[in-house]
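Close look at the chain arrangement
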Amino acid sequence: MITIMDNPVLIFRNVRQVFTRAEHALCALDDVSFDIIPGQVTGLIGPDGAGKTTLMRLACGLLRPESGTISALGLDAVAESQIVQSAVGYMPQRFGLYEDLSVQENLDLYAELQGLPQEKRAIRYTELMHMTGLAPFTARLAGQLSGGMKQKLGLACALLRAPRLLLLDEPTVGVDPVSRRELWAIVYQQVKEQGMSVLLSTAYLDEAERCNEVLLLHQGKLLGQGAPAEFSAKVQGRIFQVSAAGISHRQLQTRLDQAPGVLDALVEGETVRLVMEPEIQPTAENLLPGLDDVHIQPVAPRFEDAFVARLKVRHNGTADLGGMNLHIDSRDGEEVIRVHKLLRRFGDFIAVNNVSFNVKRGEIFGLLGANGAGKTTTFRMLCGLLPASGGELSVAGLDLHIARAEARRHIGYMAQKFSLYGDLSVMQNLRFFASAYGLRSDHQDERVKWAINTFELADYGETNARDLPLGFKQRLSFAAALMHEPEILFLDEPTSGVDPLARREFWARTNALAEAGVTVLVTTHFMEEANYCDRLVIMAEGTVLAEGTPREMKARARTVDNPDPSMEDAFIRLIEQREQNNAMEIVA
Amino acid sequence: MSASLRRLWGMIRKESLQILRDPSSISIAFIMPVVLLLLFGYGVSLDAKNIPLGIVIEQPDTAAQSLAGAFDRSEFFHPQRFAAIQEAQQALIERRIDGILWLRNDFSSRLLSGDEAPIGVFVNGVDSNQANITKGYIQGTWLAWLQHFSAARGRALDLPVSMEQRVWFNPALSSHLFLVPGLIAIIMTMIGSLLTAMVVAREWERGTMEALMVTPLRMGEMLIGKLIPYFMLGMGGMLLSVAMALFLFNVPLLSPVWLLMLCSALFMLVSLAIGLLISIVTRNQFLAGQVALVVSFLPSFLLSGFLFDIHSMPGWVQTITYLVPARYFVAILQTLFLAGPVWPVILANAGAMLFMLLILATLVVKKSYKRLD
Amino acid sequence: MNFLHIFALARKEFLALMRDKRSRIIIIVPPILQLFIFGFAATYDLNDVPVAVYNEDSGGASRELLARIEGSPHFSILYEISNDNEIAPLIDNREVLLVIRLDQRFSANLQRGDPAPLQLIIDGRNSNTAMTALNYLRDVVLDFNREWQREHGQTGPPVKLEMRAWYNENLQSQWFIVPGIVGSLMLVVTLLVTALSVAREREQGTFDQLLVTPLRPVEILIGKAVPGIVIGLLEATLIILLMVWFFDIPLRGSIPALYLGILLFLVATVGIGLMISSICVTQQQAILGAFLFIVPAVILSGFTTPIANMPEVVQWLTYLDPLRYFLVIVRGVTLEGDSFALLFHQFWPMAIIGAVTLVLAAWLFRHRMS
């Protein structure tokens, strides 16, 4: 087989794919055409449900397109799927590993399946294990690896035979920033050393900037293809950073969001990042009349700005929470949540070790960390779902695990994944939670009406919760958690898997609640969301690495090379420091 | 080794390791058979012994006592005496006894005068099968006593026609001799269809199937790679059950072991094919389990002739039984164990299984392609 | 305890069950499947037993006897053979269950008043079938004897058995099996509904959402038990109606006693289901757990084979099985026409099982929450 080096490794022509699920047809891909040139990393970027996985599966012949043609490595992906599948490397979501096999056994299996000759194995294994840092763990069961290690093992399995085309489906989802960074390093190393071509899908918009080229997918349509810089260049001159004295950054964001000419306002540290409508220059008088000391500074656009500019439609509502009768006496500075030397063991494993922090009334407090850092365990102990093995904790003065059931009336809870009743309609769900919180007849009707209006759920009242679009599921969960007007809100990974626009809407509502005096405890693995928090702790391996405001966190990572570090930089810096300390302890 | 064999070997090794590490596979293959065999071997018995029988003797004289004594000595009965029929009937109503033998006060006088002396017999008919068996035992005991009684008086009993029965294969007519071999079919169905369907469906659910597909592995290699380890597992379960049947329940095996193994292997393949087909169609563990239960487990229990005689089912139910592979295997098992290698039975039933296997294998191959749609 | 809470929960459980296709299937399909397959397939009665006849006799008596056998619905003569060698293949190959042999002097012996043996060779592979067939045949022969003796002026045997079966006068298997199905069916449905209910919420993450509301564990437990009991009651009523109308099974006893039995049985089953549910984390485990209970519970209940035939140790085990008591109640009320007083000793053990399992479930519930 002769292929000229510059021929595209993957060609899609007018590809259309429709799935029929529960009566209604869903167009997963609509008339998608593109070429991918060899020897580079192409990012397939889009929020959940954009059609990324479908596209990946089509590329390796796992699905047949409704119409259109696909060719991979010069082969027809439909007619010659067996050859395509033998030639490409593919890592599906959740990595395709056997959790009950050890690292070595997984490697052996895939080496056998991919026909890697026996004599080459030893060298390749060593290479890959070294590169992924898995060398010390070859005897461990894959199921007992951390998320980041699983992801690297999955990658190693796909790389065993150094394929010419590597397809990675959401390799970075749910993985901590350090592991993400390492994954990117491995991918680029392969591209450089082996001349591999890589197609990688991701829902993280910030990862777009790490690709040579980007395919932007939204609701099954290809919105554009090009270098990340080309996307951001389109919004050059529309991006600004605004800061003002004498106003909290949350109030600042709320005001800017409603200001004329502003398409999007996003809290970024102590400042607010603006995306302006085209051809409109922001001035302090227009944006923030009546405020002194307003600084407006143009900044370089990012990929996310381009995404927002492309898709956001300005609507003139505010994040109105009208009708929330919050009876909170705002004794400022009162500590509502106290955690002191909290400890939780599962057998020999210490999931949460000596964690302490306090949350004041009306604060948005963040728990940041990778999967497995102990965030969710801490969270569940606070909500009374799990007893602590040691230490003290109180929420509104009580330990919810032993307090009377009535005490839980003060808190609202939104779980990590969608956890309302999928078989019940939106209305039935709302009514059930209203009754569970003891709201009676008239009051219940009133609150259900409030939820439907505030969260714009009217069109979906009789739809089963399971069949809601992702963004609406999140709204419904949020609404259910607010039915009884709680004073304290627990939000566990509320925005994971939600597209950037829905995330903005969510944070706008949360901001409004905090302004009204509700205390919010939130966990997230989106580092940039830490900027919405008043204060936060960063956790790793069950311990608190650092506590403070977002600005303090970032200040720690400031170096000469990186004068304006992001939250992610700060996080990675903390992890590195910790590892150094550990290493030094071992030496000592 | 060719590339294809290498891939096959990789799959077999992987499956075997997974079986060894998954406690549920091991327990379904080895603990379930033991539990089921013990439960059925000891718990399910159609052999009535010590039937509680009420005997009412209104006039206790020698003739009546001698008849009652015959029942006392029988291992089938556990008689209780009642003074009056009303008491006995009350006991029958209260389920304390299953039957009544009523000797009225004129029993002896009529017997000795040559008048026909009637004995009233009541049985609780709720459990009709048990009632039939009780009836049979009462008749048998009564006839034996009658012969003895007549002989003692120097004249043979004049029964125009008497039955001389010879029971082949299971002379003691003990029910576990046919239940235990039949159970082996049920156990193999569980391993072959239920376990395999769920395990293969798990690959779909966990997304590992996707990773396997995008390798040079061919579908045929994957299927064979899955079949071999589960085949071994199923045969292991079978051998365990056979060993228990032979040594714990003392069921005789009148055929060569190789023939039993060969027939079991054929049935195992049919079960595996059903399991694979279910998993390919459902691709979901929960659903696969449900479907396997309904299309494979329940029919092999009810419609295989394991417990209930197929011949006596209504015509339409009998027609359905032809679609149940366990039907053929149960017939083979009962024959191999109790009757010996009766070739016509074995060949006909094995032929039917082979035919089913070919159809199922064709379906499996047709339905399995390296695509997700 | 807050009844509004319990009502809201029970309402939600019903809605969730009825709106989910899978749960609807679990509630509706197995009952109908079992009722019809069991109702028709599970029978110990024999019809048209295949018979071969080897008649060496040419007299009229043998023809008369054979005509009686052929005339019985239980037997059908498929082969007439004339050689000893033909017997073995017919039996070995399962062509016939029974070979009847009458020797040359059969009619002559009869006429003379000498004993005339009827030689039978029967396939004992399925012992129950063999025994039942022999019983049927014995009835035919005894009838024949009596009539022969009457016609020929001979005295019969000095003693005659007057057999009468109570409750199930014609000894039909269906009358025994179908009421049993009511019990095993309710067991399967209620157990699956309740065993899955908590596990499903755990798996879908909704359980946490429930636990952070002011609902108390006891309220949750009752909220989960109520739908199981109500569905069980409806299901039982449906099956009993089908049983009476479709299978023509009599309903002779006290209906309030039957419903008291149903209620107690449901409480016991729901208790066991909730116990399984509070132990299991996934639906998979819950199904497996339910299955592990259902199979022995049905086998040891006396549904198809009598408890009295089991070894003593196994009989002790059956006292833990609520189905054991319930089957006596259903059969008692349908066939035997029992009243409250007669069934008292079946009621209280179920009440105890129900109380113990519910308390245990509540305890496990609290402890699994941590």
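Just so it is clear, the structure is predicted and the values come from calculations on it, not from any experiment. (Residues numbered from 1 in each chain as written. Chains lettered and ligands numbered in written order. Predicted model: local features only at pLDDT ≥ 70, side-chain atom pairs only at ≥ 80, totals over all residues. Heavy atoms only, no water.)

Turning our attention to the sheet that holds strand S3 (residues 98-102) of chain C. Taken together, the 5 strands give an open sheet; going across it, the order is S5(B)-S4(C)-S3(C)-S1(C)-S2(C), and neighbouring strands pair in mixed fashion. The sheet terminates laterally at strand S5 (161-168) of chain B together with strand S2 (75-81) of chain C, the two strands that pair on one side only. Strand-to-strand twist of the sheet, defined as the mean angle between neighbouring strand axes without regard to direction, takes the value 25°. Of the pairings in the sheet, the one linking S5(B) to strand S4 (residues 116-123) of chain C comprises 8 bridges and is parallel in character. Counterpart to B:Ser162 in the pairing with S4(C) is C:Pro117. In the packing of helix H6 (residues 127-151) of chain C onto the sheet, the strands contacted are S5 of chain B together with S2, S3 and S4 of chain C, and the crossing angle to S5(B) comes to about 170°. (Pairing = 2+ DSSP bridges. Helix = DSSP H or I, 4+ residues; strand = E, 2+ residues; numbered from the N terminus. Axes fitted to C-alpha atoms, helices over the stretch in contact; angles between N-to-C directions. Contact = heavy atoms within 4.5 Å.)

Another point: helix H5 (residues 147-159) of chain A. Residues and elements named next belong to chain A. In this model H5 runs 18 Å from its N-terminal to its C-terminal C-alpha over 13 residues, within 8% of the 18 Å that 1.5 Å per residue would give. Most of H5 is tucked away: 12 of the 13 residues are buried. Packed against the buried residues of H5 are strand S6 (89-91), helix H3 (103-113), helix H4 (118-132), strand S7 (165-168) and helix H6 (177-194). (Expected span 1.5 Å × (residues − 1). Buried < 20%, exposed > 50% of the residue type's maximum accessible area, 1.4 Å probe, protein only.)

A separate point is unusual backbone geometry. Residues and elements named next belong to chain A. In this model, glutamate 456 sits at a positive phi of 50°, which is unusual for a non-glycine residue. On the secondary structure map, glutamate 456 appears in the loop between helix H13 (441-454) and helix H14 (470-482). A positive phi is found at glutamate 541, a non-glycine position, where the angle reads about 45°. With respect to the helices, strands and loops of the structure, glutamate 541 is situated in the loop between strand S22 (535-540) and strand S23 (543-548).

Another aspect to go through is the interface of chain C and chain B. Many descriptions give the size of an interface as the accessible area lost when the pieces come together. The interface of chain C with chain B comprises 95 residues on the first partner and 96 residues on the second. Both faces considered, chain C and chain B share a buried interface measuring about 8900 Å² in area, 65% of it formed by carbon and sulfur atoms. Here chain C is connected to chain B by 3 salt bridges. The partner of C:Asp139 in a salt bridge is B:Lys135, with the nearest N and O atoms 3.6 Å apart. (Buried area = accessible area lost by both parts, 1.4 Å probe. Salt bridge = Lys/Arg side-chain N within 4 Å of Asp/Glu carboxyl O.)

This brings us to the packing of helix H8 (residues 249-258) of chain A against helix H15 (residues 500-515) of chain A. Residues and elements named next belong to chain A. Where H8 contacts H15, the axes come no closer than 10 Å and their chain directions differ by 130°. The orientation of H8 with respect to H15, classified from their angle, is oblique. Helix-helix and strand crossings are classified by hand; for H8 and H15 the assignment is left-handed. Listed contacts from H15 to Arg250, Gln251 and Gln253 of H8 are Asn511, Ala514 and Glu515. Among the residues making up the contact of H8 with H15, the classes are represented as 1 nonpolar, 3 polar and 2 charged. (Parallel < 35°, antiparallel > 145°, perpendicular 65-115°, else oblique. Left-handed = near helix turned anticlockwise from the far one by under 90°. Nonpolar A, V, L, I, M, F, W, Y, C, P; charged D, E, K, R; others polar.)

This next bit is on the pattern of salt bridges. One pass over the full model with this rule turns up 54 salt bridges over all chains. Between A:Glu363 and A:Arg535 there is a salt bridge whose closest N-O contact spans 2.7 Å. Placement of the pair is A:Glu363 in the loop between strand S16 (349-360) and strand S17 (364-368) and A:Arg535 in strand S22, with a sequence separation of 172 residues. Residue class for A:Glu363 comes out buried when judged on its relative accessible area of 9%. The structure contains a network of salt bridges with shared partners spanning A:Glu112, A:Arg121, B:Arg6 and B:Arg13.

What follows is about the side chain of B:Ser300. Residue and element names in this part refer to chain B. Relative to the helices and strands, serine 300 is located in helix H11 (residues 285-302). In this structure serine 300 comes out as buried when scored by relative accessible area, which is 1%. The residues contacting serine 300, other than those within four sequence positions of it, are Ile186, Thr189, Phe306, Val324 and Ala326.

Residue and element names in this part refer to chain A. One open sheet holds the 6 strands; their spatial order is S19-S20-S21-S17-S22-S23, and the pairing between them is mixed. A strand with exactly one partner marks an edge of an open sheet, and here the two such strands are strand S19 (411-414) and S23. This sheet shows a mean twist of 15° between the axes of neighbouring strands, independent of strand direction. Pairing between S17 and strand S21 (residues 519-524): 5 bridges, direction parallel. Counterpart to phenylalanine 365 in the pairing with S21 is leucine 521. Against the sheet, H14 touches S19 and strand S20 (488-492), its axis set at about 165° to S19.

The interface of chain A with chain C comprises 33 residues on the first partner and 26 residues on the second. For the pair chain A and chain C, the summed buried area comes to about 2700 Å², and 58% of that belongs to carbon and sulfur atoms. Joining chain A to chain C, the criterion identifies 1 salt bridge. Here C:Asp208 and A:Arg380 are joined by a salt bridge, their closest N and O atoms 2.3 Å apart. Inspection of the chain A/chain C interface yields 9 residue pairs in polar contact (both at pLDDT 80 or more). Going through the elements one at a time, S19 and helix H12 (426-436) of chain A are the ones with two or more residues in the side of chain A that touches chain C. The element best represented in the side of chain A that touches chain C is H12(A), accounting for 5 residues. For the side of chain A that touches chain C, the per-class residue count stands at 17 nonpolar, 7 polar and 9 charged. (Polar contact = N/O pair within 3.5 Å; in protein donor to acceptor, adjacent residues only side chain to side chain.)

As a further point, take the pairing of strand S15 (residues 335-346) of chain A. The side chains of a regular strand alternate between the sheet's two faces. All names here are of chain A. In this structure, S15 lies alongside S16, joined through 9 bridges in antiparallel fashion. Note on S16: the bridge partner recorded for glutamate 335 is lysine 360. In sequence, S15 turns back onto S16 through a hairpin of 2 residues, with glycine 347 there showing a positive phi of about 65°. When S15 meets strand S18 (residues 390-395), the two strands line up antiparallel, connected through 5 bridges.

Residue and element names in this part refer to chain C. Together, Phe344, Trp348, Ile352, Val356, Leu360 and Trp363 make up an exposed nonpolar region whose accessible area comes to about 610 Å². Along the chain, leucine 360 turns up in helix H14 (residues 340-368). Leucine 360 sits in the partly exposed class, given a relative accessible area of 37%. (Patch = residues over 30% accessible without salt bridge, like charges linked within 9 Å, V, L, I, M, F, W, Y side chains within 5 Å. Areas by Shrake-Rupley, 256 points an atom, 1.4 Å probe, with all protein chains shown as cover.)

The next thing to look at is the packing of aromatic side chains. Under the defined criterion, the tally for this structure stands at 32 aromatic pairs over all chains. With a centroid separation of 4.4 Å and 0° between ring planes, the pair formed by A:Trp507 and A:Tyr532 is classed as stacked. Of this pair, A:Trp507 sits in helix H15 while A:Tyr532 sits in the loop between S21 and S22, and the two are 25 residues apart along the sequence. An aromatic cluster is defined as three or more aromatic residues linked by ring pairs; in this entry it consists of A:Trp450, A:Phe455, A:Phe478, A:Phe506, A:Trp507 and A:Tyr532. Of note, A:Arg344 hangs over the ring of A:Phe346, and the distance from its end group to the ring centre comes to 4.6 Å. When the ring centre of A:Phe432 is taken as origin, the NZ or CZ atom of C:Lys12, which lies over that ring, is 5.4 Å away. (Phe/Tyr/Trp six-rings, centres within 6.5 Å; stacked < 30°, edge-to-face > 60°. Lys NZ or Arg CZ within 6 Å of the ring centre and 35° of its normal.)

Let us now look at the domain arrangement of chain A. Residues and elements named next belong to chain A. Taken domain by domain, chain A holds domain 1 (10-226), domain 2 (234-311) and domain 3 (335-548). For domain 2 and domain 3, the distance between their C-alpha centres works out to 29 Å. Interface area for domain 2 against domain 3, summed over the two sides, is near 1200 Å², with a carbon-plus-sulfur share of 46%. On the surface where domain 2 and domain 3 come into contact, there are 2 salt bridges. For arginine 504, the salt bridge goes to aspartate 264, with nearest N and O atoms at 2.8 Å. Our enumeration of links across domain 2 and domain 3 arrives at 3 residue pairs in polar contact (both at pLDDT 80 or more). Mapped by element, the contributors of at least two residues to the side of domain 2 that touches domain 3 are H8, strand S12 (262-268) and helix H10 (303-311). (Domains from an automatic or database assignment.)

The subject of this paragraph is the environment of A:Gln225. All names here are of chain A. Inspection of the secondary structure puts glutamine 225 in strand S10 (residues 221-226). Given a relative accessible area of 32%, glutamine 225 falls into the partly exposed group. Put simply, glutamine 225 and leucine 44 are 181 residues apart on the chain and 9.4 Å apart in space, counted from C-alpha to C-alpha. Sequence-distant contacts of glutamine 225, that is, excluding residues within four places in its chain, are made with Phe34, Asp35, Glu213, Val214, Leu215, Glu230 and Phe231. Among the polar contacts listed, one links the side chain of glutamine 225 to the backbone oxygen of aspartate 35, at a separation of 2.9 Å.

Moving on, we come to the domain arrangement of chain B. Under the domain assignment used here, chain B contains domain 1 (3-44 + 174-367) and domain 2 (51-152). The distance between the C-alpha centroids of domain 1 of chain B and domain 2 of chain B comes to 48 Å.

Here the focus is the packing of H11(B) against helix H11 (residues 283-299) of chain C. One way to put it is that H11(B) packs onto H11(C) with a least axis distance of 10 Å and a crossing angle of 25°. It follows from the interaxial angle that H11(B) and H11(C) lie roughly parallel. The way H11(B) lies across H11(C) gives a crossing that is right-handed. Facing H11(B), whose interface residues are B:Gln285, B:Phe286, B:Gln290, B:Leu293 and B:Phe297, H11(C) presents C:Gln283, C:Gln284, C:Ile287 and C:Phe291. For the contact of H11(B) with H11(C), the residue count by class is 5 nonpolar, 4 polar and no charged.

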